[in-house]
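# Topology and contacts: notes
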Amino acid sequence: MSWQSVKLGQIFEIARGGSPRPIDDFITEEPDGLNWISIKDASNSGKYISKTKLKIRKEGLSKSRLVHPGDFLLTNSMSFGRPYIVNTTGCIHDGWLVLSGDKNKVNQDYFYHLLGSDLLHKKFSSLAAGAVVKNLNINLVKNVEVPLPPLTEQQKIAAILDAADSLRQKDQELVERYTALSQSLFLEMFGDPVTNPMGWSYTQLNNLVSKLGDGLHGTPEYSDDGEYFFINGNNLNHGAIEFFPETKKVSKAEFDKHKKNLNDSTILVSINGSIGKVAFYNGEKIILEKSACYFNTNEKLINKIYLFRLIESPYFLKYAMGGATGSTIKNVSLKTMRELPVPMPPINMQNQFAERAQLIEAQKQQAQRSLEKSEALFNSLLQRAFTGELTAKMAA
């Protein structure tokens, strides 16, 4: 079964926010002020916006737009299209679009999932394509067609999606708890490396590693049939090398021209753009781009898991940004990397930390696999819901 298709403008009143200017002149702490809803009041994982950090004077209302509980807000800037449900009354600036639904046709929870789905995001992206800065505007959103099941069907579909989403969020929270646990263990055993409360001595990274360098300063000859990936700092993700569909490949001959001496003791760090992303090398078939720094640890002097956690911590980012160059895209020089001050707890203490951290990591990996399954289930249900395959019969 496929549901009837309607344009969003047929079931929602859609409008854009506005800002009294200069906004600072309208901010107030008076009790009769109006809630001023900004993106800072929305969390990445949250569904609702229930309160605001700031208020504006009532006089600002004529230059803005008042929204009410039950309205949808869509971000309309670079990260456009993320929906939120308003749980309070307040004014919105021009970074928001507000969608007020016809309650006889719109189930709030069903449309929360629909508006936040890849299906809608792709439609928004397609219609906004070509603009230097992608923005959602009223006409664009009004003309997007969406599937519209009967209201009772929407409620049942939303209940299924809510349950799947809840499972996904619990798995995500578990992964985050294990990540926080590992960070807490580091601080408990060694203290904050920024303040060094335990008084560890320091040595420079260059004294603990060999073969510190970066990748290719140039472009290799790509090969769609190649077995070797050409990776940069963006491919480094929480300890692992991550490959994307767009990651380029090269041939064995090209690999032999540009390969580095990587082995089981190698740590990779992004030193350009997204600075401080870290990964271990585990035998992957790769060559490096210049934004990826590599070094091989001397494991008699330093435990690589201890060093990994140190570099992944805010300590490294604080140091690196202090020595980084470039106004728009930051670059960390190899000299800055070599001179990184590394606090040096006794090696047996580092090893104890590594053993405990690995146990936590094993539990985290198990939680990560559960998360991947629950995300796959949720995305599958979303697709089936909006193509009419998730019927009331299944929901019963």
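Look up: the structure comes first, before these words.
The following paragraphs examine the structure supplied in this document. These numbers were taken from a predicted model, which means no experiment stands behind them.

## Focus on the overall build of the protein chain
Scanning the protein chain for helices and strands turns up 11 helices and 23 strands. Sequence-distant contacts, at least 24 apart, represent 76% of the contacts inside the protein chain between residues at least 6 apart. Averaged over its 46 positive side-chain charges, the protein chain has a centre that lies 1 Å from the centre of its 42 negative ones.

## A closer look at the sheet that holds strand 18 (residues 249-250)
In sheet architecture, strand pairing relies on hydrogen bonds along the backbone and comes in two forms, parallel and antiparallel. Reading across the sheet, the three strands line up as 18-15-21 and stay open at both edges, with mixed pairing between neighbours. Strands with a single pairing partner mark the edges of an open sheet, and in this sheet they are strand 18 and strand 21 (286-288). Pairing between strand 15 (residues 228-231) and strand 21: three bridges, direction parallel. Its bridge partner lying in strand 21, Phe229 is registered against Ile286.

## Remarks on the pairing of strand 9 (residues 83-86)
A two-sided burial pattern is seen for strand 9, the buried positions comprising Pro83 and Ile85 on one face and Tyr84 and Val86 on the other. The pairing of strand 5 (residues 48-49) with strand 9 spans two bridges and is parallel. Residue Tyr48 lies in a different strand from strand 9, and its bridge partner there is Ile85. When strand 8 (residues 72-75) meets strand 9, the two strands line up antiparallel, connected through three bridges. Looking at strand 9, one finds that Leu74 is bridged to Pro83.

## Focus: the nonpolar core
In this structure, Leu205, Phe295, Leu307, Met337, Val342 and Phe353 are the most contacted members of the largest nonpolar core, which totals 41 residues. For Val342, the residues in contact, after removing those within four places along its chain, are Ser201, Tyr202, Thr203, Leu205, Leu208, Ile302, Tyr306, Leu307, Leu310 and Tyr315. Counting 37 residues, the second-largest nonpolar core is a separate cluster that includes Phe12, Val106, Tyr112 and Leu136.

## Focus on the sheet that holds strand 3 (residues 27-28)
One open sheet holds the five strands; their spatial order is 3-6-4-10-7, and the pairing between them is mixed. Strands with a single pairing partner mark the edges of an open sheet, and in this sheet they are strand 3 and strand 7 (65-67). As paired strands, strand 4 (residues 34-37) and strand 6 (residues 54-56) are joined by three bridges and run antiparallel to one another. Looking at strand 6, one finds that Asn35 is bridged to Lys55.

## Looking at the packing of helix 2 (residues 108-115) against helix 10 (residues 347-386)
The contact between helix 2 and helix 10 brings their axes to 11 Å, and the two run at 110°. Here helix 2 is positioned roughly perpendicular relative to helix 10, judged by the angle of their axes. In this structure, helix 2 contributes Tyr110, His113 and Leu114 to the contact, and helix 10 contributes Phe378, Leu382 and Phe386. In the contact of helix 2 with helix 10, the residues fall into five nonpolar, one polar and no charged.

## Concerning the side chain of Lys47
Among the secondary structure elements, Lys47 is positioned in the loop between strand 4 and strand 5. Classification of Lys47 as buried rests on a relative accessible area of 19%. A distance of 2.8 Å separates a polar atom in the side chain of Lys47 from a polar atom in the side chain of Asp109. The contact partners of Lys47, leaving out residues within four places of it in the chain, are Tyr84, Ile85, Asp109, Tyr112 and Asp162.

Rules used in this analysis
- Here the residue numbering is sequential within each chain, running from 1 through the sequence in written order.
- Local features in this predicted model are restricted to residues whose pLDDT is 70 or higher, and side-chain atom pairs enter the listing and the counts only when it is 80 or higher, whereas totals over whole chains, interfaces and linings include all residues.
- Side-chain numbers here rest on the full set of heavy atoms in the structure, without hydrogens or water.
- By definition, any uninterrupted DSSP run of H or I lasting at least four residues is a helix, any uninterrupted run of E lasting at least two residues is a strand, and each is numbered from the N terminus.
- In this description, contact between two residues means that some pair of their heavy atoms is separated by no more than 4.5 Å.
- When charges are counted, Lys and Arg are positive and Asp and Glu negative, with His and the chain ends excluded.
- Working definition for charges: the position is that of NZ of Lys, CZ of Arg, CG of Asp or CD of Glu.
- Two strands pair under a simple rule: DSSP has to find at least two bridges between them.
- Burial here depends on accessible area, computed with a 1.4 Å probe over protein chains only, as a share of the maximum for the residue type. Under 20% is buried, over 50% is exposed, and the range in between is partly exposed.
- The definition of a nonpolar core used throughout is a set of buried Ala, Val, Leu, Ile, Met, Phe, Trp, Tyr and Cys residues joined through side-chain atoms within 4.5 Å.
- Only C-alpha atoms enter the line fits that serve as axes; for helices the fit covers just the stretch in contact. Angles between N-to-C directions range over 0 to 180 degrees.
- By definition in this entry, angles of less than 35 degrees are roughly parallel, angles greater than 145 are roughly antiparallel, angles of 65 to 115 are roughly perpendicular, and the rest are oblique.
- Residues are sorted three ways: Asp, Glu, Lys and Arg are charged, Ala, Val, Leu, Ile, Met, Phe, Trp, Tyr, Cys and Pro are nonpolar, and all the rest, Gly among them, are polar.
- N or O atoms closer than or at 3.5 Å make up a polar contact, with two conditions inside protein: a donor-capable atom paired with an acceptor-capable one, and, for residues adjacent in sequence, both atoms drawn from side chains.

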